[in-house]
2 protein chains.
Amino acid sequence: MDERIQQIEQVAILGAGLLGTSVGLGLKAAGYAGRVVGVARSEETLAAAKQRGAIDHGTTDVGEAVKASQLAIVAVPLGQFDRMFQQIAEHEHDGLIITDVGSTKQSVIASAREHLKHPGRFVGAHPMAGSEQQGPEGAQADLCRGKPCIITPGNDTDEDALATVEAMWKSLGMTLIRMSAHEHDVQTATISHLPHAMAVLLVLVAAERGGWDVASTGFRDTTRLASSNPPMRADILMANREQVIEALNTLGHRLDRFIDVLDRGDRGGLLAMLEHARQVRDDWVAHRDDIE
Amino acid sequence: MDERIQQIEQVAILGAGLLGTSVGLGLKAAGYAGRVVGVARSEETLAAAKQRGAIDHGTTDVGEAVKASQLAIVAVPLGQFDRMFQQIAEHEHDGLIITDVGSTKQSVIASAREHLKHPGRFVGAHPMAGSEQQGPEGAQADLCRGKPCIITPGNDTDEDALATVEAMWKSLGMTLIRMSAHEHDVQTATISHLPHAMAVLLVLVAAERGGWDVASTGFRDTTRLASSNPPMRADILMANREQVIEALNTLGHRLDRFIDVLDRGDRGGLLAMLEHARQVRDDWVAHRDDIE
């Protein structure tokens, strides 16, 4: 494990859900010898995270955790970031480095800039790891291993904070990808938020038109994302709505062209679209060992 | 096995691809004691189907297979139905019952009415079974087992032909669902052709906007159908284009509403859509033991 991380005496994990608890387990598994303090709103959650061995100590008091920590990892739902940054700011000291796990980055960074005393020591991150499980019970030490972690430093980001945050995510076995917060939000709108929206729309169209008797594995796979947590997803879509609307509009234009090709009975034009999509997707799958 | 099927001396399977060969293997596994003759355009395909034990005899001559058969199962791609029905008609005798495996039904039935001498003895079917494999090599005796098979009789369908065809599909372990060809095409447009079109559009939008670095399992699952065989899929979309266009338009209207809710920052309206979709999907999954 990187020396930068071993020198940290205490890490605070703010939010002991699936991801926060998995980060704690991952740090322990990677040999981190310092103290891990977990913060959650319920004592039950803290007890579960401690029982799993992800944290050494649990508290409902953000200030208590932050005061004696050199690194804080914000792992709460997007809707709670403003409040969490406010609470951190009350106890923020010069030696504190902060990162997060939020699914959108421009909104998180704007909140950090608004509330934190030293926003340059906040380094936005998006570990692309998840599971159908929820809470500390579903946490896994290797949840992040082999997965991409997007790091979104800005012009004002402290170099020392950036190095520490990157070393921490790398210690969990993640592949780091640096990009701007704007680029992150454009890409996730296309690759994650748009497919979720389409899964939802496909289910709503089926609810309107019927056809459940003939639904099988193809429909199940295409609509799987429609079963994900609605409040969490609503927060993500709202936080990134500008980019999501752009992605939805691009899809809308392509939808119009698809309808037009069918309407004109243009089998050649249709086939060209299907061939192009298959080639692009198959090329992507072939170049990713972590997929399929 | 139903006595109706055991009384058949010879079954002709016209098209020895994945599905045709699987039907042959399934009939043998179910104890069918008569002769199974397979027809394909290539000797290699016939040899493979025979080697798998799916057929007793292979021929490239439709007439030879049809003349001595009491039941013919058309298992060719949609684009070859017209030609196949023409060839069958040349040798069609009064004792011949015909069924098929086509993914659309109104177009197939129209073709049967146009070409066959006794269209009342044709009973349209759509066994909802498939695999990522192709050809006789990928065939499985239990491919159809436990899956739904849509049967689409019309007003002019012969009762005896209907009973025989239903008994045949049932002998493979399929769950029979009767509906009109129109209803079948409406339902599959919604549940199968629309999700395929959306998978294609999601890949094309990603090809235009980028984001492959952040793509993971969610994108993979939602776009899986975009990797299916383009010529086969183009035939299906063209054959059912009237219903597919209606389904695409319904999705387009819902897309506009989704964009509008985001645009207005209406988190409550958005959450209501996400909650509705999740509930509908989860209810469906919970009531289907063959899914997940």
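Computed from a prediction, not measured in an experiment: that's the story for all the values here.

**Here we look at the interface of chain A and chain B**
And step 1. If you look at the interface, chain A gives 90 residues, while chain B gives 90 residues.
And step 2. Ranking the residues of chain A by area buried against chain B places A:Ile191, A:Arg209 and A:Val214 at the top, with a combined share of 9%.
And step 3. Linking chain A with chain B are eight salt bridges.
And step 4. At the boundary of chain A and chain B, one finds 24 residue pairs in polar contact (both at pLDDT 80 or more).
And step 5. Elements with a minimum of two residues in the side of chain A that touches chain B: β7 (148-152), α8 (181-209), α9 (217-222), α10 (230-239), α11 (241-263) and α12 (267-286) of chain A.

**Brief notes about the domain arrangement of chain A**
Residues and elements named next belong to chain A.
And step 1. Taken as a whole, chain A is organised into domain 1 (3-179) and domain 2 (184-286).
And step 2. Here the C-alpha centre of domain 2 lies 32 Å away from the C-alpha centre of domain 1.
And step 3. Taken residue by residue, the interface counts 13 residues in domain 1 and 11 residues in domain 2.
And step 4. Summing both partners gives a buried area of about 950 Å² for domain 1 against domain 2, and 61% of it is carried by carbon and sulfur.

**Details of the sheet that holds strand β8 (residues 175-178) of chain B**
All names here are of chain B.
And step 1. In spatial order, the strands read β3-β2-β1-β4-β5-β6-β7-β8; together these eight strands make up an open sheet with mixed pairing. At either end of the open sheet lies a strand with only one pairing partner, and these are β3 (57-59) and β8. Direction aside, neighbouring strands of the sheet carry axes that sit 25° apart on average.
And step 2. As defined by bridge partners, strand β7 (residues 148-152) adjoins β8 across four bridges and the pair is classed as parallel. Following the sheet pairing, Pro 148 is matched in β8 by Thr 175.
And step 3. Sitting on the sheet, helix α2 (residues 18-29) is in contact with β1 (10-14), β2 (35-39), β4 (71-74) and β6 (122-127), with an inclination near 160° to β1.

**Some remarks on the sheet that holds strand β3 (residues 57-59) of chain A**
All names here are of chain A.
And step 1. Judged by pairing direction, the sheet is mixed, and its eight strands sit side by side in the order β3-β2-β1-β4-β5-β6-β7-β8 without closing on themselves. Where the open sheet ends on each side, the last strands, each with one partner, are β3 and β8 (175-178). The sheet shows a mean angle of 25° between the axes of neighbouring strands, taken without regard to direction.
And step 2. Where strand β2 (residues 35-39) lies against β3, three bridges are found, and the strand directions are parallel. Along β3, the bridge assignment pairs Val 39 with Thr 59.

**Here's the deal with the state of the cysteines**
And step 1. Under the definition given, this model contains zero disulfides over all chains.
And step 2. Lacking any disulfide linkage, A:Cys149 is separated from the closest cysteine sulfur, that of A:Cys144, by 7.4 Å.

**Some points on the packing of α10(A) against helix α12 (residues 267-286) of chain B**
And step 1. The contact between α10(A) and α12(B) brings their axes to 9 Å, and the two run at 135°. One element, α10(A), and the other, α12(B), form an angle in the oblique class. Handedness of the crossing formed by α10(A) with α12(B): right-handed. Here α10(A) contributes A:Pro230, A:Pro231, A:Arg233, A:Ala234, A:Asp235, A:Leu237 and A:Met238 to the contact with α12(B), which in turn contributes B:Arg267, B:Leu270, B:Leu271, B:Leu274, B:Glu275 and B:Arg278.
And step 2. Each residue belonging to the contact of α10(A) with α12(B) can be placed in one class, and the counts come to eight nonpolar, no polar and five charged.

**Notes on the relation of the copies chain A and chain B**
And step 1. You can overlay chain A on chain B at an RMSD of 0.0 Å; the transform is a turn of 180° with a shift of 0.0 Å along its axis. Classification of the inter-copy transformation places it as that of a two-fold axis. Scanning chain A for the C-alpha nearest the rotation axis identifies A:Thr222, at a separation of 2.1 Å.
And step 2. Comparing contact sets, 100% of the residues at the interface of chain A also lie at the interface in chain B, consistent with an isologous, same-surface contact.

**Focus: the packing of helix α11 (residues 241-263) of chain B against α12(B)**
Residues and elements named next belong to chain B.
And step 1. Two elements in contact, α11 and α12, have axes whose closest approach is 8 Å; the angle formed by their N-to-C orientations is 140°. By the angle class used here, α11 and α12 are oblique. Residues Arg 257, Phe 258, Val 261 and Leu 262 of α11 pack against Gly 269, Leu 270, Met 273 and Leu 274 of α12.
And step 2. Residue composition of the contact of α11 with α12, by class: six nonpolar, one polar and one charged.

**Here's the deal with the pairing of strand β5 (residues 97-100) of chain B**
Residue and element names in this part refer to chain B.
And step 1. Burial along β5 is two-sided: the residues Ile 97 and Thr 99 and Ile 98 and Asp 100 are all buried.
And step 2. Both β4 and β5 contribute to a ladder of four bridges, which runs parallel. Following the sheet pairing, Ala 72 is matched in β5 by Ile 98.
And step 3. For the segment spanning β4, helix α5 (residues 81-90) and β5, crossover handedness is right-handed.
And step 4. Here β5 pairs with β6 via two bridges, running parallel. Across the sheet, the residue bridging to Thr 99 is Val 123, located in β6.

**Remarks on the pattern of salt bridges**
And step 1. Within the structure shown, the criterion is met by 28 salt bridges over all chains.
And step 2. Where salt bridges share partners, they join A:Arg220, A:Asp221, A:Arg224, B:Arg220, B:Asp221 and B:Arg224 into one cluster.

**Notes on α8(A)**
All names here are of chain A.
And step 1. The end-to-end C-alpha distance of α8, which contains 29 residues, comes to 40 Å, matching closely the 42 Å that a straight helix rising 1.5 Å per residue would cover.
And step 2. At Ala 189, α8 shows its maximal bend, which comes to roughly 45°.
And step 3. Of all the 29 residues making up α8, 24 are buried; the element is thus mostly covered by neighbouring parts of the structure.
And step 4. At the exit of α8 stands Gly 210, carrying a positive phi of roughly 80°.

**Regarding the environment of B:Glu159**
And step 1. Within the fold, B:Glu159 resides in helix α7 (residues 159-171).
And step 2. When the C-alpha positions of B:Glu159 and B:Leu18 are compared, they lie 29 Å apart, and in sequence the two are 141 residues distant.

**Notes on the side chain of A:Arg233**
And step 1. Secondary-structure assignment places A:Arg233 in helix α10.
And step 2. Its relative accessible area of 13% is what places A:Arg233 among the buried residues.
And step 3. Of note is the side chain of A:Arg233, whose polar atom sits 3.3 Å from the side chain of A:Ser228.
And step 4. Residues within four places of A:Arg233 in sequence aside, it is in contact with A:Ser192, A:His196, A:Leu225, A:Ser228 and B:Leu274.

Conventions and cut-offs
- Residues numbered from 1 in each chain as written.
- Chains lettered and ligands numbered in written order.
- Predicted model: local features only at pLDDT ≥ 70, side-chain atom pairs only at ≥ 80, totals over all residues.
- Heavy atoms only, no water.
- Contact = heavy atoms within 4.5 Å.
- Buried area = accessible area lost by both parts, 1.4 Å probe.
- Salt bridge = Lys/Arg side-chain N within 4 Å of Asp/Glu carboxyl O.
- Polar contact = N/O pair within 3.5 Å; in protein donor to acceptor, adjacent residues only side chain to side chain.
- Helix = DSSP H or I, 4+ residues; strand = E, 2+ residues; numbered from the N terminus.
- Domains from an automatic or database assignment.
- Pairing = 2+ DSSP bridges.
- Axes fitted to C-alpha atoms, helices over the stretch in contact; angles between N-to-C directions.
- Disulfide = S-S within 2.5 Å.
- Parallel < 35°, antiparallel > 145°, perpendicular 65-115°, else oblique.
- Left-handed = near helix turned anticlockwise from the far one by under 90°.
- Nonpolar A, V, L, I, M, F, W, Y, C, P; charged D, E, K, R; others polar.
- Least-squares fit on C-alpha atoms with pLDDT ≥ 70 in both.
- Buried < 20%, exposed > 50% of the residue type's maximum accessible area, 1.4 Å probe, protein only.
- Right-handed = clockwise from strand over helix to strand, strands pointing away.
- Expected span 1.5 Å × (residues − 1).
- Bend = angle between axes of the 7 residues up to and from the residue.

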